[in-house]
Amino acid sequence: MSANHTLNMELSPAEREMIELLKEALGLDSDEAVMKLLMRQAIQRIAITCPTCGHYARLSEEDRAICRSCLSVITLSEGIWEAGQVPLVPPGSSG
Ligand SMILES: [Zn+2]
């Protein structure tokens, strides 16, 4: 039995090389660690952590996300993500 952590997926030689370089550059010891790190970086671009339940909420707009788990609508308010209820009536022009 090998102690190496390898992902059960097909990689082309070029992809294999990418993983090896990333492993080296990032100081990681397994393919799995590389993939997990890349996933964490990628998810931050498309989702945020729901402040209510801790699940990932995918961004629907730049400053708005909806959590599928608890159905919170999370909006970016002064740099802070805040969870709220789904508005029954879309807010009109304010101010
Ligand atoms: Zn949630």
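Data block above holds the structure.
Residues numbered from 1 in each chain as written. Predicted model: local features only at pLDDT ≥ 70, side-chain atom pairs only at ≥ 80, totals over all residues.

Undergrad: Break down the overall build of the protein chain for me, citing the residues and quoting the values.
TA: The secondary structure content of the protein chain amounts to 2 helices and 5 strands. Taken from the N to the C terminus, the helices and strands of the protein chain come in the order α-α-β-β-β-β-β. Classification of the 95 residues of the protein chain by burial places 7% in the buried group. For the protein chain, long-range pairs separated by at least 24 residues make up 20% of all intrachain contacts whose partners lie at least 6 apart in sequence. (Helix = DSSP H or I, 4+ residues; strand = E, 2+ residues; numbered from the N terminus. Buried ≥ 20, exposed ≤ 12 C-beta atoms within 10 Å, placed from the backbone. Contact = placed C-beta atoms within 7 Å.)

Undergrad: Before we move on, could you go through helix 1 (residues 13–26) and cite the residues and values that matter?
TA: Taking 1.5 Å of rise per residue, the 14 residues of helix 1 would be expected to cover 20 Å, and the 20 Å separating its terminal C-alpha atoms lies within 8% of that figure. Immediately downstream of helix 1, the backbone of G27 shows phi near 70°, a positive value. (Expected span 1.5 Å × (residues − 1).)

Undergrad: Now, about the pairing of strand 5 (residues 80–84): what can you tell me, with residues and values included?
TA: Sheet analysis places strand 4 (residues 73–77) next to strand 5, joined by 5 bridges and oriented antiparallel. Bridged to S77 within strand 5 is I80. Between strand 4 and the antiparallel strand that follows it, strand 5, lie 2 residues; E78 among them carries a positive phi value of about 50°. (Pairing = 2+ DSSP bridges.)

Undergrad: I'd love a proper account of the nonpolar core, names of residues and values included.
TA: In this structure, C50, A57, A65, C67 and I74 together form the largest nonpolar core, which totals 5 residues. In this view, A57 contacts A47, I48, C50, A65, I66, C67 and I74; residues no more than four positions away in its chain are not counted. (Core = buried A, V, L, I, M, F, W, Y, C linked by C-beta atoms within 7 Å.)

Undergrad: Describe in detail the sheet that holds strand 4, supporting the description with residues and values.
TA: One open sheet accounts for 5 strands, arranged 1-2-3-4-5; its pairing is antiparallel. Looking at strand neighbours, the two that pair on one side only are strand 1 (47–49) and strand 5, the edges of this open sheet. Each strand axis lies, on average, 35° off the axis of its neighbour in the sheet, ignoring direction. (Axes fitted to C-alpha atoms, helices over the stretch in contact; angles between N-to-C directions.)

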